[in-house]
Amino acid sequence: MIVLKFGGTSVSSKSNLEQIATILSAKTENFIVVVSAFSGITNKLEQIANLSLHGNHSILLEEFRNFHFEFIKELVSEFHQIELFVEVQQKCNQLEAICESVGTLKELSDRTRATILSFGESLSSIIVQKYLSVNTKNSIKVNLLDSKKIISTTTNESKDYLNAHLDLEKTTRNILAIVGVPTNDIQNKNYIAAGFVAHNQKGETVTLGRGGSDFSAAIYANTIDATRLEIWSDVNGMQSANPRKVQATQSLQKLSYKEAFEMAYFGAKVLYPPSILPVMDKNIPLYLKNTFSPEQEGTFISNENKLTENKIQGICSLDEIAIITVSGVGLAKQKGSARRVFQILEEANINIILITQSSSEQSIGIGINQSELQNAEEALNSAFEKEIKRGLMNEVKTIENQCIVAIVGDNMKNAIGLAGKVFGAIGENGINVTAIAQGASERNISIVINKKDEEKALNVIHEKFFASTVKNVHVFIAGIGNVGTEFINILFAQKQKLIEEYQINLKIIGVANSKKMLFNHSSETFEKVEELTKEDVLKFKQKKENKNAKTYSSLNEYFQTIKELNLRNSVFIDNTASDIVSEGYEFLIKNSISVVTCNKIACSSEYSTYLKLNKLAKDRNIYFKYETSVGAALPILKTIYDLRISGDKINQIEAVISGSLNFIFNNYNAENQFADVVLQAKEEGYTEPNPLIDLSGLDVMRKILILSRESGLNKELSDITFNSFLPDECTNSKSVEELFENLKKNENHFKALYQNAHKNGNKLKVVAKMEKGNLSVALKEIPSNSPFYNLEGKDNVVAINTNRYVDEPLVIKGAGAGAAVTASGVFADLMFIMNN
Ligand SMILES: Nc1ncnc2c1ncn2[C@@H]1O[C@H](COP(=O)(O)OP(=O)(O)O)[C@@H](O)[C@H]1O
Ligand SMILES: N[C@@H](CC(=O)OP(=O)(O)O)C(=O)O
């Protein structure tokens, strides 16, 4: 004989019941089918009970009655409806009478509550029994077992009505008296039973705890020595994590009883934890199956362990947790104090979920349900009153709004580095750990964190351990000008390939320009934010109407929103040249959001800022990447890093590192106008938005400063020797328009510069130099024998002399400006972060 249990989600519509009838009719063994109340009904009964205290239950009770009436009408013909209507009406009358007396007495005991809750299963079992026997497709005769009378519990204390303790011996006698010793010979000896409900020694109605129908089914399976227990719900068995909280979970094909217990205990709602013991006791195979996809394998649970190679089977979580800490020297000195703590909590009927204790025993951290916090606190403080007064113990400390994330797997034992990987993953995402506990079995590592980080933690850990899981990366962009648009083009062009080949899904979550920010959110509160499409971003760039495009009062609003969204693997991309944007890096990095930038300002401001940002990122195990701040996508900073990390020393750098100035001086021939060439460079995206930044030498100075800092020097902009090649009038231009006017006015100055160089057979280049610890930038005449002479177009060249590269420098050369190459470098930095 086998036992099957169908949960609330499985029994709640006609098509679902048809599906159940098909599943049952395919069974070749006799069975007991256990059913839960229809979906949501037990919650409704909880509400009815609460409202009855104030006499306000009538509307919900009416809804309860109507729901069952309507469902019956849908399920069976008029002929069979009458009988069921009478049942429902009678039960509703009883329920009403109970509620009325609760209202009159203004007292709602657990005893009464248990009786109220039991009505859901009482009705569903009768209705499903009828449906199974009269439906025309797969008519199945099932005899009703009265679980309230059959399942006995030892409940005798008032507190046990809602979570009664099983009396297995008595229950076995009760069931065998009805079912007899089961054999497969007796055809059509099939049964249906209500889950969740039972009776106590006084014959009163009790329940087996929320989710307790699974337990009822396991009890039936144990008592009749079932050949298997099948628990049917709306998922393909136990998943690697809660599918409502984690994306792309995987079905776990096999679990040991112990693993299944740990997962259930730590929140995998698909299985009620006490259900494991009755089947484990008799080694009855347990299957978790999906009513809506019966062909799927689901999960097989047995006593074998190490069923898979996976070190981790799943990741679960329990929310609404509080941590209570008992501490003081008395705890270490006095024998049995720890035991006393647990005893006090037990006497206060508080369920301890997790314990952490330091080896000194001076403090014990206990995880409990938040709803029990006040009771626990009062019980401990009053029990230890004397010790607290004498200074032997401290008042208990509490931390609310926590959750427990548990990583479960039999094979975790001896798996080196596993805990490190878990803590690395959550640490990189800025999730603070309140407490840690590891069971002696090493089947479980439990981490207590703030409840607000629950989903983030579950997802990052899941992505870390389940290789085929696509890792979501949440990208926030500032700037959608030339570089920004190219970046978006690259990202969307590569998106699918990255998902398929690298299991990385780059999602643009936010974009901001100098006035507005855009997130794809459906509610005002930003509670649910979806990724932005390419179309969304491009429309935003074109300033087209979008209700979600919000004018911000300051860019801090954008940064704050990024922080509050609290998404895992968040990366901020700065594609601007704005100081306002770079001022936000510190805030972002402090909140564990990696930053990728082509903006030079932060790294070329005070040395202390440069150092601080790098250190903050390092301390948080996240990234601050700015390769494109010098030479666009050329691997210059990376090369300097590689040289230094391998023990080399950078002695000298000579570089032409302004793609824009190189373009300008390569294209200016004194026959054309200097101002026109600058304009062309601007239009082709080689200059900064304000070309004065390039022409004034500031851009080159910033770059050589960054190179010097990366080489290990502690320099400031003011340390750089620079002879401007611009007339003062141009340097003092107040706007881009004025600059162009002044460039035109001073054409003769530029002509003279060019002609002098040309006369000597030289070319003009702005050269930056780091030599003997000094930095300089100057417009130089470059003779034809110099390696810099043939530097074409907007190319950059950087020549590095080191202890190893003495006679001939290491030379890096290539396009050093332009939106496309810069955006590709920014993208490469983003990928570097993802791959690390
Ligand atoms: N690790 C997990 N694996 C599968 N389901 C889970 C897990 N964690 C939480 N769940 C939730 O458990 C639900 C099934 O349990 P439940 O709602 O009690 O079903 P039923 O009403 O059929 O008993 C699933 O819909 C799923 O959202
Ligand atoms: N109806 C009860 C018992 C139960 O187990 O339900 P379900 O199988 O739908 O989780 C509850 O909601 O707690």
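Residues numbered from 1 in each chain as written. Chains lettered and ligands numbered in written order. Predicted model: local features only at pLDDT ≥ 70, side-chain atom pairs only at ≥ 80, totals over all residues. Heavy atoms only, no water.

Going by the annotation in an unreviewed UniProt entry, the name recorded for the protein chain is Aspartate kinase, with Bernardetia litoralis given as the source organism. According to the UniProt record, the Subunit (unreviewed entry) comment for the protein chain is "Homotetramer." (UniProt positions renumbered as here; feature names shortened; annotations may be inferred.)

*Asks:* Could you give an account of the domain arrangement of the protein chain, naming the residues involved and the relevant values?
*Replies:* The domains assigned to the protein chain are domain 1 (2-234), domain 2 (314-465), domain 3 (471-623 + 831-835) and domain 4 (636-817). Computed over C-alpha atoms, the centres of domain 1 and domain 3 are 53 Å apart. (Domains from an automatic or database assignment.)

*Asks:* Go over the site of ligand 2 with me, naming the residues and quoting the values.
*Replies:* Looking at ligand 2, the residues that line it are Lys-5, Gly-7, Gly-8, Ser-36, Thr-42, Glu-121, Phe-196, Arg-210, Gly-211, Gly-212 and Ser-213. In this structure, an oxygen atom belonging to ligand 2 sits 2.6 Å away from a side-chain N or O atom of Lys-5. A distance of 2.7 Å is found between a nitrogen atom of ligand 2 and a side-chain nitrogen or oxygen belonging to Glu-121. The protein chains hide 83% of the 330 Å² of surface that ligand 2 would expose on its own. (Near = heavy atom within 4 Å. Polar contact = N/O pair within 3.5 Å; in protein donor to acceptor, adjacent residues only side chain to side chain. Areas by Shrake-Rupley, 256 points an atom, 1.4 Å probe, with all protein chains shown as cover.)

*Asks:* Can you break down helix H19 (residues 556-565) residue by residue, with the values?
*Replies:* By the burial criterion, the buried members of H19 are Tyr-558, Phe-559, Thr-561, Ile-562 and Leu-565. Each buried residue of H19 sits inside an arc of 160 degrees when the element is viewed along its axis, so together they form one side. More than 90 degrees from the buried face of H19, the exposed residues found are Asn-556 and Glu-564. Trailing H19 by a residue or two, Asn-566 shows a phi angle of about 55 degrees, which is positive. (Buried < 20%, exposed > 50% of the residue type's maximum accessible area, 1.4 Å probe, protein only. Helix = DSSP H or I, 4+ residues; strand = E, 2+ residues; numbered from the N terminus. Arc of directions from axis to C-beta.)

*Asks:* Help me get a handle on the site of ligand 1, residues and values and all.
*Replies:* Every one of the 18 residues lining ligand 1 counts as a neighbour, but Thr-9, Asp-234, Gln-239, Arg-244 and Lys-269 are closest to it. Measuring from an oxygen atom of ligand 1, one finds a side-chain N or O atom of Asp-234 at 2.8 Å. Isolated, ligand 1 exposes 570 Å² of accessible area, and the fraction of that covered by the protein chains is 90%. In the shell around ligand 1, the residues fall into six nonpolar, eight polar and four charged. (Nonpolar A, V, L, I, M, F, W, Y, C, P; charged D, E, K, R; others polar.)

*Asks:* Now, about the nonpolar core: what can you tell me, with residues and values included?
*Replies:* Grouped together as the largest cluster of nonpolar side chains are 82 residues, with contacts concentrated most on Tyr-558, Phe-572, Ile-653, Leu-695, Ile-704 and Leu-743. For this core, the domains that each give at least three residues are domain 3 (471-623 + 831-835) and domain 4 (636-817). Excluding anything up to four places from it in sequence, Tyr-558 contacts Phe-476, Ile-477, Gly-510, Val-511, Ala-512, Met-517, Phe-519 and Phe-572. Formed by 58 residues, the second largest nonpolar core is a distinct cluster that contains Met-238, Leu-255, Met-263 and Leu-318. (Core = buried A, V, L, I, M, F, W, Y, C linked by side-chain atoms within 4.5 Å. Contact = heavy atoms within 4.5 Å.)

*Asks:* So what about the side chain of Glu-204? Which residues, and what values?
*Replies:* Secondary-structure assignment places Glu-204 in the loop between strand E5 (197-199) and strand E6 (205-207). A polar atom in the side chain of Glu-204 sits 2.9 Å from the side chain of Arg-111. Setting aside its immediate chain neighbours within four residues, Glu-204 contacts Arg-111, Tyr-161, Ala-198 and His-199.

*Asks:* Provide a residue-level description of the pattern of salt bridges, including the pertinent values.
*Replies:* Opposite charge on two side chains allows them to pair when their charged atoms are near. What the rule picks out here adds up to 37 salt bridges. In this structure, the salt-bridge partner of Glu-63 is Lys-44, at a minimum N-O distance of 2.8 Å. Of this pair, Glu-63 sits in helix H3 (residues 58-75) while Lys-44 is found in helix H2 (residues 41-52), placing the two residues 19 residues apart along the sequence. Between Arg-568 and Glu-463 there is a salt bridge; the shortest N-O distance is 2.8 Å. (Salt bridge = Lys/Arg side-chain N within 4 Å of Asp/Glu carboxyl O.)

*Asks:* Run through the packing of helix H23 (residues 636-645) against helix H27 (residues 698-710), naming residues and quoting values.
*Replies:* Interhelical geometry of H23 versus H27 gives an angle of 20 degrees and a closest axis separation of 10 Å. Between H23 and H27, the interaxial angle falls into the category roughly parallel. Crossing handedness for the pair H23 and H27: right-handed. Along the contact surface, H23 presents Ile-636, Leu-637, Ile-640 and Arg-644, while H27 presents Ile-706, Leu-707, Arg-709 and Glu-710. (Axes fitted to C-alpha atoms, helices over the stretch in contact; angles between N-to-C directions. Parallel < 35°, antiparallel > 145°, perpendicular 65-115°, else oblique. Left-handed = near helix turned anticlockwise from the far one by under 90°.)

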